[in-house]
Amino acid sequence: MTPLLSTATDTLTYQAGQNTFGGITTVTLYGNGQAKVTRQRGQTRQAFTGTVPPALLKQVNAALAVALAVKVPGNYQPVPDEARIQVKVQANGQVKTLAFWQNQAQNTAALGEVLKVLNKVVGIVSGGRVTH
């Protein structure tokens, strides 16, 4: 199976959080390992660029392959201030999306794993200054 992110034109966009509570983290990850991370909290914005190691890119692809096959329940009621997670993959001429709430990731292994590896990307690209 061809990895979802395998060329420089393949992209993953990940967004999590709330501007009023902890901030919003956005990641753009390309199939060649290049990545951009931004963190917006109120009027304060941080931006970072870097390269994701091949082993981590492989983990991202593996986690995505499993998570995109999960049917996320649509009737979930989030708790106040719960973060919304959104992942969009544009690769191989297709667009695939995944949206879920933070607590759903804690209760569904595949969602938890994709969140875990994407947070690793955030940490590496930001040099540890942003963790999620």
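Structure first, text after, so check above.
Let us look at the structure shown here. Note that the coordinates shown come from a computational prediction; the quantities given were computed from them, not determined experimentally. Counting starts from 1 at the beginning of each chain's written sequence and moves along it residue by residue. With pLDDT at 70 or above as the cut-off, local features in this predicted model cover only qualifying residues; side-chain atom pairs require 80 or more to be listed or tallied, and sums for whole chains, interfaces and linings still use all residues. In computing side-chain values, all of the structure's heavy atoms are included and hydrogens and water are not.

Paired strands, as defined in this entry, are two strands with at least two bridges between them according to DSSP. For the purposes of this entry, the term helix denotes a DSSP run of H or I that reaches at least four residues, the term strand denotes a run of E that reaches at least two, and both are numbered from the N terminus. Across 8 bridges, the pairing between strand β5 (residues 84–91) and strand β6 (residues 94–101) is antiparallel. From the neighbouring strand, Gln86 faces β6, where its bridge partner is Ala99. Joining the antiparallel neighbours β5 and β6 is a turn of 2 residues, in which Asn92 adopts a positive phi near 55 degrees.

What follows concerns the sheet that holds strand β3 (residues 34–41). Spatial strand order, β4-β3-β2-β1-β5-β6: 6 strands in an open sheet with antiparallel pairing. Here the strands that pair on one side only, and so sit at the sheet edges, are β4 (44–51) and β6. The mean inter-strand angle of the sheet, taken between neighbouring strand axes irrespective of direction, is 10 degrees. Summarising the sheet, strand β1 (residues 11–18) and strand β2 (residues 23–30) pair through 8 bridges and their orientation is antiparallel. Residue pairing across strands places Thr13 opposite Thr28, the latter belonging to β2. Across the face of the sheet, helix α1 (residues 54–67) comes into contact with β1, β2, β5 and β6 while running at roughly 105 degrees to β2. Every residue pair with non-hydrogen atoms within 4.5 Å of one another is taken to be in contact. All axes are obtained by fitting lines to C-alpha atoms, using only the stretch in contact for helices, and the reported angles, taken between N-to-C directions, cover 0 to 180 degrees. The strands touched by helix α3 (residues 109–125) are β1, β2, β3, β4, β5 and β6; relative to β1, the strand with the most contacts, the crossing angle is about 95 degrees.

Both β2 and β3 contribute to a ladder of 6 bridges, which runs antiparallel. Following the sheet pairing, Ile24 is matched in β3 by Gln40. In textbook terms, the turn of a hairpin is the stretch between consecutive antiparallel strands, and for β2 and β3 this stretch comprises 3 residues, one of which, Gly33, has a positive phi near 95 degrees. Of the pairings in the sheet, the one linking β3 to β4 comprises 8 bridges and is antiparallel in character. Paired with Arg41 across the two strands is Thr44, which belongs to β4. Linking β3 back to β4 in an antiparallel pair, the connection comprises 2 residues, with Gly42 at a positive phi of about 60 degrees.

Our focus in this paragraph is the packing of α1 against α3. Orientation of α1 relative to α3, taken along the N-to-C sense of each, is 155 degrees, at an axis distance of 8 Å. As the angle between them shows, α1 and α3 are arranged roughly antiparallel. Pair α1 / α3 crosses with left-handed handedness. When α1 is examined against α3, the residues Leu56, Gln59, Val60, Ala63, Leu64, Val66 and Ala67 are found in contact with a partner set consisting of Ala110, Leu111, Glu113, Val114, Val117, Leu118, Lys120, Val121 and Ile124. Just so you know how the angles are binned, under 35 degrees is roughly parallel, over 145 roughly antiparallel, 65 to 115 roughly perpendicular, and the rest oblique. In a left-handed crossing the near helix is turned counterclockwise from the far helix by less than a right angle, and in a right-handed crossing that turn is clockwise.

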